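Residue-level listing of the chains:
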Amino acid sequence: MLENLYTTKMSANKKTLQNRFTKIRSKSGRISKIMAAVMSCAVAVTMLGGAVVMAAVGSDGLEHWDKNEIYYKDGVKFSVNVSGKNVPAWVYEDVAGEDGKINVTVNRYQTRDLKGNVNNDHIVELLGEKGKIKLASQSSSMAYKHYDGAVIPDYLRQYPCYSEINFIEFNNVGYAPESKVITALTDKKESKYRRIEVYFAFNDKKEMQTVFLNLGIADKNDNPENMSFDGLQPVDGLTYIGNFLEDYTNDVWNYDTANYYFTMYEDNYQNKKADGIDFNIGKAAAEGIVLNSSVTLPQAEHIVIYVYDKNNRNVAIVIEKDKNTQTEQFVLTPKKMLIYDLSFEQELKYEEDIPENQFVSGEKYRVCCVVLDKDRNVIYRWQEYVTVQ
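One numbering rule holds for all chains: residues counted from 1, following each sequence as written. It should be noted that, the model being predicted, local features are given only for residues of pLDDT at least 70 and side-chain atom pairs only at 80 or more, the latter also being counted only at that level, while totals for whole chains, interfaces and linings use all residues. Where side-chain values are given, they derive from all heavy atoms of the structure, hydrogens and water being excluded.

Student: Explain helix 3 (residues 244-253) to me, and be specific about the residues and the numbers.
Tutor: Think of it in three bands: residues with accessible area under 20% of the maximum for their type are buried, residues over 50% are exposed, and the middle band is partly exposed, with areas taken using a 1.4 Å probe on protein chains only. Numbering of helices and strands runs from the N terminus; a helix is a DSSP stretch of H or I covering at least four residues, while a strand is a stretch of E covering at least two. The buried fraction of helix 3 is high, at seven of ten residues. Along helix 3, the residues that are buried comprise Phe-244, Asp-247, Tyr-248, Thr-249, Asp-251, Val-252 and Trp-253.

As structure tokens, this is what we get:
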């Protein structure tokens, strides 16, 4: 495995595109003041003036990726003791010794696959006298508030809010773990159906209070078995790596901050020229940002557009299907989120009100455009910062 360390500062939070936009909740954090690791069995990295340039760009200005990418963000460490606790058999078989002590590390990463899709991922590591195991996260993390009838562990009920990260072995063949980039950092699959749940508890001021670890068992589809195990708390508090406390808290409490096509290193991405593709901003006003789009490239099938505010919150999104040629003007407005894609068997539309009804005059917004081919590979990216007049 190649491992290259760089001093960086982190900046701005699956599966299929359809699933992504029906539940956009995770966020790439701000750049952490720690050593960022680019780790994979096949990773190519170029550092240019603090920026990372990963994609191979052809003479036609189009991008493609031939290596998976993994970037380290931040993490948290703590220790638990399972002595006298109700835990699955695998805990003593694989990790804990007679002293019952287990050192736990939760690390956060950002990954990009060969299609050009960017995701936020996690790895949990358990280390004890018997050995060490690593599992990858099943999904991103977000904050939850208790509600009447909610099925949650009893130990969480004393806290008004919590976030949850689930780690699994990816035994369900439907997950195709070999296509999930972060699994390159996990141990060799043993199919022991181990499942680990990490809960961060918050008070009503959105301040992190503690963490609970639940060591469990999964079924063949990686869902939790109907078994009750003890929730374990740190014996010596939490040790944060980088800006984990601040960034993770912001991540789980913010809505729609995910960027699925630009990594945390690409805030200042330089646009490329490509024949048959042209984007430009026609107007940036409180009532809407006007984006002029001309996409006549034959292999272009989809256009994805995001608008992010100063807090990296996605305030407008448009997805369009382009079968032949497309030259049109988009009026991006924060009043609604709209997803429209003719590639699905049935036309999909999803709208949701968001708090702001207008862009804020005098503030800067980031407009990101992505062009996909028929196989949903990213072939072109473009972004521009605009100040609303």
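Student: Pulling in residues and values, what's your account of the pattern of salt bridges?
Tutor: Note on definitions: salt bridges are taken to be side-chain nitrogens of Lys or Arg within 4 Å of carboxyl oxygens of Asp or Glu. Inspection of every chain in the model, using the stated rule, returns 18 salt bridges. One salt bridge connects Asp-267 with Arg-366, and the closest N-O pair in it is separated by 3.3 Å. Here Asp-267 is found in the loop between helix 3 and strand 17 (277-285), whereas its partner Arg-366 is found in strand 24 (residues 364-372), with 99 residues between them in sequence. For the pair formed by Asp-267 and Arg-366, the shared burial category is buried. In this structure, Asp-375 and Lys-374 form a salt bridge, with 3.4 Å as the shortest nitrogen-oxygen distance. On the basis of relative accessible area, Asp-375 is assigned to the partly exposed category, the value being 42%. One network of salt bridges, in which partners are shared, links Glu-63, Glu-69, Arg-112, Glu-266 and Arg-381.

Student: An account of unusual backbone geometry is requested, with residue identities and associated values reported.
Tutor: Trans is the common state for peptide bonds, and a negative phi is the common state for residues other than glycine. Positive phi outside glycine occurs at Lys-206, with the angle close to 65°. Positive phi outside glycine occurs at Asn-312, with the angle close to 65°. Position of Asn-312 among the secondary structure elements: in the loop between strand 19 (302-308) and strand 20 (314-321).

Student: Which residues make up the pairing of strand 13 (residues 194-202), and what are the values?
Tutor: Taken across its nine residues, strand 13 has nine buried, putting it largely inside the fold. Of the two faces of strand 13, the one holding Arg-194, Ile-196, Val-198, Phe-200 and Phe-202 and the one holding Arg-195, Glu-197, Tyr-199 and Ala-201 are both buried throughout. Strand pairing requires that DSSP identify at least two bridges connecting the strands. Inspection of the sheet shows strand 12 (residues 161-168) paired to strand 13 by seven bridges, in the antiparallel sense. Looking across to strand 13, one finds that Asn-166 is bridged to Glu-197. Taken together, the nine bridges between strand 13 and strand 14 (residues 208-217) define a ladder with antiparallel strand orientation. Looking across to strand 14, one finds that Phe-200 is bridged to Val-211. Between strand 13 and strand 14, which pair antiparallel and follow one another directly, the connecting turn spans five residues, one of which, Lys-206, has a positive phi of 65°.

Student: How would you sum up the pairing of strand 9 (residues 118-127)? Please name residues and give values.
Tutor: In terms of burial, strand 9 is a largely internal element, nine of the ten residues being buried. In this structure, strand 8 (residues 101-112) lies alongside strand 9, joined through ten bridges in antiparallel fashion. If you follow Tyr-109 over to strand 9, its bridge partner there is Asp-121. Here strand 8 hands over to strand 9 after five residues, with Gly-116 in that stretch at a positive phi of 95°. Between strand 9 and strand 10 (residues 132-137), which pair antiparallel one after the other, the connecting turn spans four residues, and Gly-131 there sits at a positive phi close to 160°.

Student: Kindly report on the side chain of Asp-113, identifying the contributing residues and their values.
Tutor: Inspection of the secondary structure assignment puts Asp-113 in the loop between strand 8 and strand 9. Judged by relative accessible area, which is 17%, Asp-113 ranks as buried. What qualifies as a polar contact is a pair of N or O atoms within 3.5 Å, subject to a donor-acceptor requirement within protein and to the restriction that residues adjacent in sequence count only when both atoms come from side chains. Here the side chain of Asp-113 touches Lys-115 through a polar contact of 2.9 Å, landing on its backbone nitrogen. Any two residues whose heavy atoms approach within 4.5 Å are treated as being in contact. Once residues lying within four places of it in the same chain are set aside, the contact partners of Asp-113 are Trp-65, Asn-68 and Val-181.

Student: Account for the state of the cysteines, with residues named and values stated.
Tutor: Pairs of cysteine sulfur atoms within 2.5 Å are identified as disulfides in what follows. For the coordinates displayed, the defined rule picks out zero disulfides. In this structure Cys-369 is a free cysteine whose sulfur lies 7.6 Å from that of Cys-368, the closest cysteine sulfur available. Cys-369 gets classed as buried once you look at its relative accessible area, which sits at 0%.

Student: Quick rundown of the packing of aromatic side chains? Include the residues and the values.
Tutor: Two rings from Phe, Tyr or Trp (for Trp, the six-membered ring) form a pair when their centres are within 6.5 Å of each other. A pair whose planes differ by under 30 degrees is stacked, one over 60 is edge-to-face, and the rest are tilted. Evaluation of the coordinates by the stated rule reveals 16 aromatic pairs. Plain terms: the ring middles of Phe-200 and Tyr-248 are 4.9 Å apart, the flat faces sit at 55° to each other, and that makes the pair tilted. Of the two residues, Phe-200 sits in strand 13 while Tyr-248 sits in helix 3, which places them 48 residues apart along the sequence. Both residues of the pair, Phe-200 and Tyr-248, belong to the buried class. Among the aromatic residues, ring-to-ring pairing joins Tyr-155, Tyr-159, Tyr-162, Tyr-199 and Phe-212 into one connected group. As a reminder, the over-ring test applies to NZ of lysine and CZ of arginine, requiring each to be within 6 Å of the ring centre and within 35 degrees of the ring normal. Directly above the ring of Phe-262 sits Arg-366, whose terminal nitrogen or CZ lies 5.4 Å from the centroid.

Student: Please set out the environment of Tyr-199 residue by residue, giving values where relevant.
Tutor: Residue placement: Tyr-199 occurs in strand 13. Residue classification places Tyr-199 among the buried positions, given a relative accessible area of 6%. With 37 residues separating them in the primary sequence, Tyr-199 and Tyr-162 have C-alpha atoms 6.5 Å apart. If near-sequence neighbours (up to four positions away) are discounted, Tyr-199 is found in contact with Pro-153, Tyr-155, Leu-156, Tyr-162, Ser-163, Glu-164, Thr-210, Val-211, Phe-212 and Asn-214. There is a polar contact of 3.0 Å between the side chain of Tyr-199 and the side chain of Glu-197.

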